[in-house]
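# An overview of the molecular structure
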Amino acid sequence: MCKKMMHYKRYQHWNKKEDVFVVCVDEELNSGYNCKRAKPKLFYLLFLSFISFSFIFLYSFRSEEAGLVPKTDINSCSSVSNGTICCERSSIRSDVCVMKGVVRTDSASSRITLYKNNGHSDYVLRDTDENDEVLQHEKIRPYTRKWEKNVMDTIDELDLVVKGKHYGVRQKCDVEHDVPAVFFSTGGYTGNLYHEFNDGLLPLYITSQQFNKKVVFVILEYHNWWIMKYENVLPHLTEYPIIDFSGDKRTHCFPEAIVGLRIHDELTVDPSLMGNNKTIRDFRDLLDRAYWPRIRGLIQDEEREARMNKEKLISSPSSELKMVTTEEKKDLKKPKVVIIARNDSRAIMNEDSLVKMIEDIGFRVEVLRPQRTTELARIYRVLNSSDVMIGVHGAAMTHFLFMRPGSVFIQIIPLGTDWAAGTYYGEPAVKLGLKYIGYKILPKESSLYDEYDKNDPVLMDPNSVNDRGWEFTKRIYLDHQNVRLNLGRFRKRLLRAYNHSVANENERLRRQSQ
């Protein structure tokens, strides 16, 4: 089924009646959207084509004039003259400024100063540089949700300044670096897994890949917990200590700085915009390298504990040593389903029955309930070894990035979330190489069915409710809705996932035998 849904969250200033996209749900995206339409008459078709062409032309012209949608997202500051600042401000997602020369930090004044290089390399201590001429001044909030004014207002703003100077005189550097810096914020929506990857880690990967880890990260709104959470990943992006911009009062000097992060699209990497043609699979490979050392440590700990328990059982005459049965060995060969269970709204109310049905089909099942404090390496280990991931639309679906390409991702789509489910998770999953199956629930499968009249727009026309604004979408569909799956209907998706998983395993065994 094809439905129109407003971009109620992504681009708030485009929230106009004519600015809609056609989104198809409850279909596999691997071969594109399957929207069946009746064939129109020739005259009607020609008329629609003319109208569509005119609309696209006018819309593109209007958007480009307004500076909202550039023709491309190619880095326009790839070549920057020494002693200058180049700022890319055409993207609706983020601003990025590049500074080359003698770049000096001043956290007390939230300023980064670039001194024009006059050929002298001596540093002379001086109390102030207020008399130096300001040649260029830019302001920037280095966060990747530029179109959301409310959140951007919470992000620290930096002053970027180019100054002239007296010959042979520069401010003293407390710490002098011989590699570039990347400045960015971990404020905003940080704390939400989707935003941590979409607004933070992926843009950081995109922006810093060119330096091959020879780069220093300088963080505004620095959080120790964020550093600890991603301690396995960050060393694969930089080999230098990370700097807390506000907490470190020393003057740091760099030969180059990128202020702000580049972002391509939802949870993805566009190879056409990467100088080295990197893709989202390369980012996923980086996660694999990042988490496997920790996973191997976990496996060794478990094996050591198992040996100790076995020795205790052997030494205890009253205990019975449990042997692994043939049936248990067979179970380990079954394809594995992981259900990402939610702890608040959008829970699966008949989860126990769902688990039993999945087991009856022939899967092994593991129910994963990630908490904010759950170590990501442990989650990665579970999902990386699974064949199918099932979950209800929400930030936890970001974990599809932990799945191996070729595996299956089934996203349960509650009422009122069609567009967001496909845009934020469905389409990016396909780009990663997953087989994506979107399961759009019927009104009777929603807990809202018991709260509203059967003809209420909340049930029958969610788009009209979403059109009223994000606060209605959030309050009704995101914060106050659970699902009770029609197991007979959902079973069809599980059978497709099972057949796909078995075929994948057979293909893997065939290749091994060659």
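Residues numbered from 1 in each chain as written. Predicted model: local features only at pLDDT ≥ 70, side-chain atom pairs only at ≥ 80, totals over all residues. Heavy atoms only, no water.

## So, the overall build of the protein chain
Within the protein chain one finds 13 helices and 17 strands. In the protein chain, which comprises 514 residues, the share counted as buried stands at 47%. Counting only contacts in the protein chain whose residues sit at least 6 apart along the sequence, the fraction spanning at least 24 positions is 74%. Accessible surface, the protein chain as shown: approximately 26,100 Å² in total, 52% of it carbon and sulfur. (Helix = DSSP H or I, 4+ residues; strand = E, 2+ residues; numbered from the N terminus. Buried < 20%, exposed > 50% of the residue type's maximum accessible area, 1.4 Å probe, protein only. Contact = heavy atoms within 4.5 Å. Areas by Shrake-Rupley, 256 points an atom, 1.4 Å probe, with all protein chains shown as cover.)

## Comments concerning the state of the cysteines
Under the counting rule described, the total for this entry stands at 3 disulfides. Two residues share a disulfide in this structure: Cys77 and Cys86, whose sulfurs sit 2.0 Å from each other. The disulfide joining Cys77 to Cys86 has a torsion of about -75° about its S-S bond and is therefore left-handed. Taking the relative accessible area as the measure of exposure, Cys77 reaches 3% and is therefore buried. Covalent S-S linkage joins Cys87 and Cys97, the inter-sulfur distance amounting to 2.1 Å. (Disulfide = S-S within 2.5 Å.)

## A word on the sheet that holds strand S17 (residues 435-440)
The parallel open sheet is built from 5 strands, whose spatial order is S14-S13-S15-S16-S17. Looking at which strands have only one partner, the edges of the open sheet turn out to be strand S14 (364-368) and S17. For this sheet, the mean inter-axis angle between neighbouring strands, taken without regard to orientation, is 20°. Pairing geometry for strand S15 (residues 388-392) and strand S16 (residues 408-413), over 5 bridges, is parallel. The partner of Gly391 across the bridge, within S16, is Gln411. Running over the sheet, helix H13 (residues 487-513) touches S15, S16 and S17 and is turned about 165° from S16. (Pairing = 2+ DSSP bridges. Axes fitted to C-alpha atoms, helices over the stretch in contact; angles between N-to-C directions.)

## Section: the packing of aromatic side chains
The relation between two aromatic rings is expressed through the spacing of the ring centres and the mutual angle of the planes. Applying the stated criterion to the full structure yields 20 aromatic pairs. With a centroid separation of 5.4 Å and 45° between ring planes, the pair formed by Tyr194 and Tyr424 is classed as tilted. Here Tyr194 is found in helix H3 (residues 193-208), whereas its partner Tyr424 is found in helix H9 (residues 418-432), with 230 residues between them in sequence. The two residues Tyr194 and Tyr424 agree in class, both being buried. Ring geometry for Tyr205 versus Phe283: centroids 5.3 Å apart, planes at 70°, classification edge-to-face. One end of the pair, Tyr205, is in helix H3; the other, Phe283, is in helix H5 (residues 280-315), with 78 residues separating them in the sequence. Across the pair, Phe283 and Tyr205 agree in class, each one buried. Here a set of aromatic residues connected by ring pairs shows up, and it is made of Phe184, Phe197, Tyr205, Phe217, Trp226, Tyr230, Phe283, Tyr291, Tyr380 and Phe402. Positioned above the aromatic ring of Tyr449, the side-chain terminus of Lys454 is 4.8 Å from the ring centre. Across from the ring centre of Phe472, 4.0 Å away, lies the NZ or CZ of Arg468, which sits over that ring. (Phe/Tyr/Trp six-rings, centres within 6.5 Å; stacked < 30°, edge-to-face > 60°. Lys NZ or Arg CZ within 6 Å of the ring centre and 35° of its normal.)

## A look at the packing of H5 against helix H8 (residues 376-384)
Between H5 and H8, the least distance of the axes is 9 Å, while the angle of their chain directions is 95°. It follows from the interaxial angle that H5 and H8 lie roughly perpendicular. Contacts from Arg284, Leu287, Asp288, Tyr291, Trp292, Arg294, Ile295, Leu298, Ile299 and Glu302 in H5 reach Leu376, Ala377, Arg378, Tyr380, Arg381 and Asn384 in H8. Its residues placed into classes, the contact of H5 with H8 shows 9 nonpolar, 1 polar and 6 charged. (Parallel < 35°, antiparallel > 145°, perpendicular 65-115°, else oblique. Nonpolar A, V, L, I, M, F, W, Y, C, P; charged D, E, K, R; others polar.)

## Observations concerning unusual backbone geometry
In this model, Asn212 sits at a positive phi of 55°, which is unusual for a non-glycine residue. Here Asn212 is to be found in the loop between H3 and strand S10 (216-220). For Asn212, a relative accessible area of 58% corresponds to the exposed category. We note that Glu221 has phi near 50°; this positive angle belongs to a residue other than glycine. Tracing the sequence through the fold places Glu221 in the loop between S10 and helix H4 (224-229). By relative accessible area, which is 18% here, Glu221 ends up buried.

## As for H8
Taken across its 9 residues, H8 has 7 buried, putting it largely inside the fold. Along H8, the positions that sit buried rather than exposed are Leu376, Ala377, Ile379, Tyr380, Val382, Leu383 and Asn384. Looking at the buried positions of H8, the neighbouring elements they touch are H3, H4, H5, strand S13 (336-340), S14 and S15.

## Observations regarding the pattern of salt bridges
Counting across every chain of the model gives 32 salt bridges. For Lys146, the salt bridge goes to Asp95, with nearest N and O atoms at 2.7 Å. Pair noted here: Lys146 is in the loop between strand S6 (134-140) and helix H2 (149-152) and Asp95 is in the loop between strand S3 (84-88) and strand S4 (96-106), with a separation of 51 residues, a long-range link. The exposure class assigned to Lys146 is partly exposed, which follows from its relative accessible area of 28%. In this structure Asp95 comes out as buried when scored by relative accessible area, which is 14%. With a shortest N-O distance of 3.0 Å, Asp199 and Arg145 are connected by a salt bridge. Within this pair, whereas Asp199 is found in helix H3, its partner Arg145 is found in the loop between S6 and H2, the two being separated by 54 residues in sequence. Members of the salt-bridge network, linked through shared partners, are Arg89, Asp95, Glu138 and Lys146. (Salt bridge = Lys/Arg side-chain N within 4 Å of Asp/Glu carboxyl O.)

## As for the environment of Pro405
Relative to the helices and strands, Pro405 is located in the loop between S15 and S16. Its relative accessible area of 35% is what places Pro405 among the partly exposed residues. Sequence spacing of Pro405 and Arg281 is 124 residues, and the spatial spacing of their C-alpha atoms is 8.1 Å.

By themselves, these observations are geometric and do not establish any function.
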